[in-house]
Amino acid sequence: MTNEIQYQSSDGVATITLNRPSVLNALDDALMRGLRDALAQARADESVRALILTGAGRAFSAGADLNTTIPADGSLKAMDLGRLLRDRYNPIITGMRELPKPIISAVNGVAAGAGMSLALAGDIVLASRSATFMQAFVKIGLVPDAGSTWFLPRLAGDVRARALSMLGDRIDAESAERLGLVWKVHEDDQLLNEARALAAHMATQPTRAYGLIKEALNASSSNTLVAQLDLEADIQTKAGLTEDFHEGVTAFLEKRAPRFSGR
Ligand code: T3D
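Scoring rules and cut-offs
Residues numbered from 1 in each chain as written. Predicted model: local features only at pLDDT ≥ 70, side-chain atom pairs only at ≥ 80, totals over all residues. Heavy atoms only, no water. Near = heavy atom within 4 Å. Polar contact = N/O pair within 3.5 Å; in protein donor to acceptor, adjacent residues only side chain to side chain. 1 Å grid on protein atoms, 1.4 Å probe; cavity = no way out; pocket = protein on both sides within 12 Å on 5 of 7 lines; lining within 4 Å. Sits in = over half its atoms within 2 Å of the grid points. Helix = DSSP H or I, 4+ residues; strand = E, 2+ residues; numbered from the N terminus. Nonpolar A, V, L, I, M, F, W, Y, C, P; charged D, E, K, R; others polar. Pairing = 2+ DSSP bridges. Axes fitted to C-alpha atoms, helices over the stretch in contact; angles between N-to-C directions. Phe/Tyr/Trp six-rings, centres within 6.5 Å; stacked < 30°, edge-to-face > 60°. Buried < 20%, exposed > 50% of the residue type's maximum accessible area, 1.4 Å probe, protein only. Core = buried A, V, L, I, M, F, W, Y, C linked by side-chain atoms within 4.5 Å. Contact = heavy atoms within 4.5 Å. Points joined across faces, edges and corners; volume = space filled by probe spheres on them. Parallel < 35°, antiparallel > 145°, perpendicular 65-115°, else oblique. Left-handed = near helix turned anticlockwise from the far one by under 90°. Salt bridge = Lys/Arg side-chain N within 4 Å of Asp/Glu carboxyl O.

J.: What exactly am I supposed to notice about the site of the ligand here?
T.: Near the ligand you find 25 residues, and of these Arg58, Ala62, Ala64, Leu66 and Ala114 are the closest. For the ligand, an oxygen atom lies 2.9 Å from a polar atom in the side chain of Arg58. Note that a nitrogen atom of the ligand is positioned 2.9 Å from one of the backbone N or O atoms of Leu66. Because more than half of its atoms lie within 2 Å of the grid, the ligand is assigned to the largest pocket. Considering each element in turn, the shell around the ligand owes the most residues, four residues, to helix α2 (residues 81-98). Of the residues assigned to the shell around the ligand, the class counts are 15 nonpolar, five polar and five charged.

J.: Looking at this structure, how should I read the sheet that holds strand β6 (residues 110-112)?
T.: Through backbone hydrogen bonds, the strands of a sheet pair up, either in parallel or in antiparallel fashion. One open sheet accounts for four strands, arranged β4-β6-β8-β9; its pairing is mixed. The sheet is open, and its two borders are formed by β4 (59-61) and β9 (170-172), each paired with just one other strand. For this sheet, the mean inter-axis angle between neighbouring strands, taken without regard to orientation, is 20°.

J.: Which parts of the structure should I look at to understand the packing of aromatic side chains?
T.: In this description, an aromatic ring pair is defined by two values, namely the gap between the centres and the angle between the planes. Per the counting criterion, the structure on display carries one aromatic pair. Measuring from ring centre to ring centre gives 5.7 Å for Trp150 and Phe151, while their planes differ by 90°; the resulting arrangement is edge-to-face. Residue class for Trp150 comes out partly exposed when judged on its relative accessible area of 34%. Residue Phe151 is classed as buried on the basis of its relative accessible area of 3%.

J.: How do you make sense of the nonpolar core when you look at a structure like this?
T.: Nonpolar side chains in soluble globular proteins generally cluster together in the buried interior. Among the nonpolar cores identified, the biggest contains 47 residues, and Leu35, Leu51, Val107, Leu118, Phe133 and Leu181 are the most heavily contacted of them. Broken down by element, this core gets its largest block of residues, six residues, from helix α1 (residues 29-44). Those residues in contact with Phe133 that lie beyond four places of it in its chain are Val107, Ala111, Met116, Ala127, Asp169, Arg170, Ile171, Ala173, Ala176 and Val182. Counting twelve residues, the second largest nonpolar core, distinct from the first, contains Leu126, Ala199, Met202 and Tyr210.

J.: I would appreciate a short explanation of the layout of surface pockets in the present structure.
T.: Where empty space is left in the structure can be found by rolling a water-sized probe over the atoms. Roughly 740 Å³ of internal volume is contained in the largest pocket. Contributing to the lining of the largest pocket are 36 residues, with Ala64, Leu66, Thr69, Tyr89 and Leu142 lying nearest its centre. Counting only elements with at least two residues in the lining of the largest pocket, the list comes to α2 and β6. Per-element tally for the lining of the largest pocket: the top contributor is α2, with seven residues.

J.: What should I look at first to understand the packing of α1 against α2 in this one?
T.: Packed helix pairs are characterised by how far apart their axes lie and by the angle those axes make with each other. Contact geometry of α1 with α2 gives a least axis separation of 10 Å together with a crossing angle of 25°. One way to sum up the angle between α1 and α2 is to call them roughly parallel. Judged by the sense of rotation from one axis to the other, the crossing of α1 with α2 is left-handed. In contact with Asp29, Met32, Leu35, Arg36, Leu39 and Arg43 of α1, α2 contributes Arg88, Tyr89, Ile92, Met96 and Glu98.

J.: So what exactly am I meant to see when it comes to the side chain of Arg20 here?
T.: Mapped onto the fold, Arg20 is located in the loop between β2 (13-18) and α1. Here Arg20 falls in the buried class, since its relative accessible area comes to 15%.

J.: How should the pattern of salt bridges be read in this particular structure?
T.: Close approach of charged atoms allows side chains of opposite charge to pair. For the structure on display, the rule yields 15 salt bridges. Put simply, Arg20 and Glu4 hold a salt bridge, and the shortest N to O gap is 3.2 Å. Taken together, the residues span a long stretch of sequence, with Arg20 in the loop between β2 and α1 and Glu4 in the segment before β1 (5-10) at a distance of 16 residues. Residue Arg20 shares its accessibility class with Glu4, and that shared class is buried. A salt bridge links Glu215 to Lys238; the shortest N-O distance between them is 3.8 Å.

J.: Would you mind going over unusual backbone geometry with me for this structure?
T.: It is generally the case that most residues other than glycine have a negative phi and that most peptide bonds are trans. You will see that Ala146, though not glycine, has its phi angle at about 55°, which is positive. Considering the arrangement of structural elements, one finds Ala146 in the loop between β8 (132-134) and α4 (148-156). According to the relative accessible area criterion, Ala146 is buried, its value standing at 6%. Although it is not a glycine, Lys255 adopts a positive phi angle of roughly 55°. By the secondary structure assignment, Lys255 is in the segment after α10 (243-253).

None of this, on its own, says anything about what the molecule does.
Structure follows, in structure tokens:
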């Protein structure tokens, strides 16, 4: 892992911190490689049952590092941003959505450009009261990427997705909550505590079911109802074979709290 990512794991929760505060955690190659490795580590570690993604300092992330975007010789001709996205960003976004464990985005400050996309790729998005969100891409002549053109219409609706993408306005956390981009807003000094409490709770819940919920919801946007019903049947077959389903029903019948193992 690189210095640009902090990874800390305890009591079933892995916390991944984007760590380039002097440039508002702008995403450069080292940070993105570190993030990819951290996600892989959390995926492979069976003791990790929930993740928190947050930023060091006053920002979540200001998006792509614009200092390293343009080649040193100033030439734009050979630039292939598509390749950069395919190599650097897209595997992380799909990796987050497909990770069979819940990810809580704790948006502690500005989330701009691909930084906003990263935040939205989490399963539950929490924001501090002073956090802001910005589809900054258009301000530099680009198009929303790293999943934003997929997330925004689904979360906020087409009208809002177009306005956010085309105007690039910076919106506050409460507006983001109202638009459906954020689950809950917490006071600045409480955000991490709230994220940790939620992650600690989720780390005691049926982890396999969380992974299967993600699988079902990921597929729903491109499925017909008939196909989705079929997928739910397949997925529920898997859930029904888990130890946690057995424990959940047993606990209910014994009128006690379940003790989920994540298996
Ligand atoms: O190239 C590719 O990889 C393709 C993929 C593109 C995907 C994208 O994400 S495109 C969008 C890139 N992001 C932006 O365009 C946002 C640029 N930043 C801003 O507009 C503002 O910084 C913010 C609105 C996010 C925050 O403003 P503010 O006033 O709170 O902070 P600031 O003073 O502008 O920034 C503080 C420092 O961070 C500053 O450095 P300095 O002057 O103190 O040495 C600033 O240059 C640096 N910084 C902020 N954003 C970036 C950055 N450095 C590099 N890259 C950045 N994106």
